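Topology and contacts: notes
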Amino acid sequence: MKPTAFDYVRATSLDHAVAVLAEHDGDAKVLAGGQSLVPLLAMRLAQPTVLVDLAGLDELSYLRADGAHLEIGAMTRARTVETADLVAGRVPLLPAALRHVGHVTIRNRGTIGGSAAHADPAAELPAVLRALDGELVATGPGGRRTIAAADFFRGFLDTALEPGEVLTAVRLPAQPAGVRVAVQEFARRHGDFAIVAVFAAVELDDSARIRSARIAVAGADQVPVRAAAAEELLAGRPPTPDLLVAAADAVAAATRPTDDIHAPADYRRRIAAVLTRRCLEQATAARAERSTAA
Amino acid sequence: MSTEITVRVNGVPRTAHVEPRRTLSDFLRKDCALAGVRVGCEHGVCGACTVVLDGRTARSCCTLAVQADGTDIGTVEGLADGTRLHPLQEAFWKHHGLQCGFCTPGILLTVQELLADNPDPSDEEIREGLSGNICRCTGYQFIVDAVREAAAVLRAETNGHATG
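The rules we used
Residues numbered from 1 in each chain as written. Chains lettered and ligands numbered in written order. Predicted model: local features only at pLDDT ≥ 70, side-chain atom pairs only at ≥ 80, totals over all residues. Heavy atoms only, no water. Helix = DSSP H or I, 4+ residues; strand = E, 2+ residues; numbered from the N terminus. Rg over C-alpha atoms; globule rule 2.2 N^0.38 Å. Contact = heavy atoms within 4.5 Å. Lys, Arg positive; Asp, Glu negative; His and termini not counted. Charge placed at Lys NZ, Arg CZ, Asp CG, Glu CD. Pairing = 2+ DSSP bridges. Axes fitted to C-alpha atoms, helices over the stretch in contact; angles between N-to-C directions. Polar contact = N/O pair within 3.5 Å; in protein donor to acceptor, adjacent residues only side chain to side chain. Buried < 20%, exposed > 50% of the residue type's maximum accessible area, 1.4 Å probe, protein only. Core = buried A, V, L, I, M, F, W, Y, C linked by side-chain atoms within 4.5 Å. Buried area = accessible area lost by both parts, 1.4 Å probe. Salt bridge = Lys/Arg side-chain N within 4 Å of Asp/Glu carboxyl O.

Next up on the list: the overall build of chain B. Helices and strands together make up the secondary structure of chain B, namely five helices and five strands. Overall, chain B shows an N-to-C arrangement of helices and strands of β-β-α-β-β-β-α-α-α-α. Its C-alpha atoms give chain B a radius of gyration of 16 Å, within 12% of the compact-globule value 15 Å for 164 residues. Overall, the C-alpha framework of chain B stretches about 50 × 40 × 25 Å when taken along its three principal axes. Residue pairs in contact within chain B that sit at least 24 positions apart in sequence constitute 54% of those at least 6 positions apart. Mean positive and mean negative side-chain charge positions of chain B (15 and 21 charges, respectively) differ by 5 Å.

Spelled out as structure tokens, the structure:
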């Protein structure tokens, strides 16, 4: 048995889950799909005294078009979100990004809430939430609150969730009809953790100038990086090769990578620039229509 | 603490008491004697432990047995129809896509899902589909050959049923 011993509670309601978490005061962990948590248990990097399994809470598994937002219940599986027409139509950056999450087998089990709450800085979903100004909905002993993605991701595997809170949903603003999206990820094989990944959503106006651009980078800091300076540089300008290179350099300058066993910091910064340029070329190409190529 | 679970494994109902920390892979191998479930990396990288959980593939080493309570589980032992091999198994045998065979059960179940989702994949799509299953013999070319042929056989079977 690789994990240490723990108790297991299958929550019968959201209130039940919150109550069990409160009872254990920080020693309990929420189990969603388990695709990040179970490996942590196997390596004994996580040693909770109790796991609170949300699997029985069908009310946390849904896709809902809610006014100008898409709301996704925390227990919705990544594969469900990736293949849903409702998501492709409203937030096309999301399925394009989810195609890079592990492999199909992992996306079958992994959940949207689990990925967001795990807050791996190399993960795709947190970067998409940052790029699109998403929100996270949490319920705790004090009730329900909504947290902006900008405030939610605090550090490596660290979020603004309090120990007694359960993440119940993520919310993303529906994107303008003509938005063009691109995802470029560099990993050692398809499905591995990103060395660096760049996510872009670009709107062009009638004269093919960039109306707005949203860019986020995974794998280049302790949290997903939003590249605001590059976005400002691009807004209102035609996508010339020189401009895209300048924006790519601005994105690289916004990153704060560290050296690790997989890549030195300078290498990551350089890859961030190259992937950003490729994303922007793809998203502004004359024939790009909701481009989602890998 | 142990918890009672009830599952169906390859169609056979089974009730057992398991510790919460028991992985589904250990449950299937040790409690159900299904050695076709292979345990390689035990943290979700190698794909050898792949099983089918309620119709979709899952890593059994990254699933706790308690999470599987109430589910329908398929392993490689359920793939053949009695003594008649599944077309995927036939193709792997014919093209020598097995090599040492350790990764084969997980690959067969992964490919079965791939072909159900995409009956006519390109070589690139086959390789991407296999990217979650590590073969330490590095025998991927024969595996890709086998998948391509199995896809054609399965398409012909489907068309035969459709027209016949």
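Right, let's talk about the sheet that holds strand β2 (residues 28-31) of chain A for a bit. All names here are of chain A. On the basis of which strands lie adjacent, the open sheet formed by three strands has the order β1-β3-β2 and parallel pairing. The open sheet is flanked by β1 (7-10) and β2, the only strands paired with a single partner. Here the average twist between neighbouring strands, direction ignored, is 25°. Both β2 and strand β3 (residues 50-53) contribute to a ladder of four bridges, which runs parallel. Paired with K29 across the bridge in β3 is L51. Set on the sheet, helix α1 (residues 14-24) makes contact with β1, β2 and β3; between it and β3 the angle comes to about 170°.

Residues and elements named next belong to chain A. In this fold, R237 is placed in the loop between α10 (228-234) and α11 (241-254). With residues up to four places along the chain from it excluded, the contact list for R237 reads R209, I210, E232 and L243. From its side chain, R237 meets the backbone oxygen of L233 in a polar contact 2.6 Å long.

Our next topic: the side chain of A:D221. All names here are of chain A. Residue position: D221 is located in the loop between β13 (210-218) and β14 (225-226). Under the relative-accessibility criterion, D221 is labelled buried at 13%. At a separation of 3.2 Å, a polar atom in the side chain of D221 contacts the side chain of R256. The residues contacting D221, other than those within four sequence positions of it, are P121, R256 and P257.

Core analysis: the largest hydrophobic core is formed by 41 residues, its most contacted members being A:L93, A:L94, A:L129, A:L132, A:L136 and A:F199. If near-sequence neighbours (up to four positions away) are discounted, A:F199 is found in contact with A:L93, A:A97, A:E124, A:A127, A:V128, A:A182, A:V183, A:R214, A:I215, A:A216 and A:A218. Counting 31 residues, the second largest nonpolar core, distinct from the first, contains A:L37, B:F27, B:A58 and B:V66.

This paragraph deals with the interface of chain B and chain A. At the interface, 31 residues of chain B touch 31 residues of chain A. Carbon and sulfur atoms supply 54% of the area that chain B and chain A bury against each other, a total of about 2,600 Å² over both sides. In this assembly, chain B and chain A are joined by two salt bridges. Note that A:R99 and B:E128 form a salt bridge whose closest N and O atoms lie 3.4 Å from each other. Viewed at the interface, chain A and chain B are joined by 16 residue pairs in polar contact (both at pLDDT 80 or more).

Below, the discussion takes up the pattern of salt bridges. Per the stated rule, a full pass over the model turns up 27 salt bridges over all chains. For B:K94, the salt bridge goes to B:E149, with nearest N and O atoms at 3.1 Å. Pair noted here: B:K94 is in helix α2 (residues 87-94) and B:E149 is in helix α5 (residues 140-163), with a separation of 55 residues, a long-range link. Classification of B:K94 as exposed rests on a relative accessible area of 55%. Overall, B:E149 belongs to the partly exposed group, its relative accessible area being 24%. Shared partners join several salt bridges into a network, and the residues in it are A:R79, A:E82, A:R107, B:R56, B:E113 and B:D117.

Time to look at the pairing of strand β4 (residues 63-66) of chain A. All names here are of chain A. As defined by bridge partners, β4 adjoins strand β5 (residues 69-73) across four bridges and the pair is classed as antiparallel. Within β5, the position partnered with L63 by the bridge is I72. Linking β4 back to β5 in an antiparallel pair, the connection comprises two residues, with G67 at a positive phi of about 60°.

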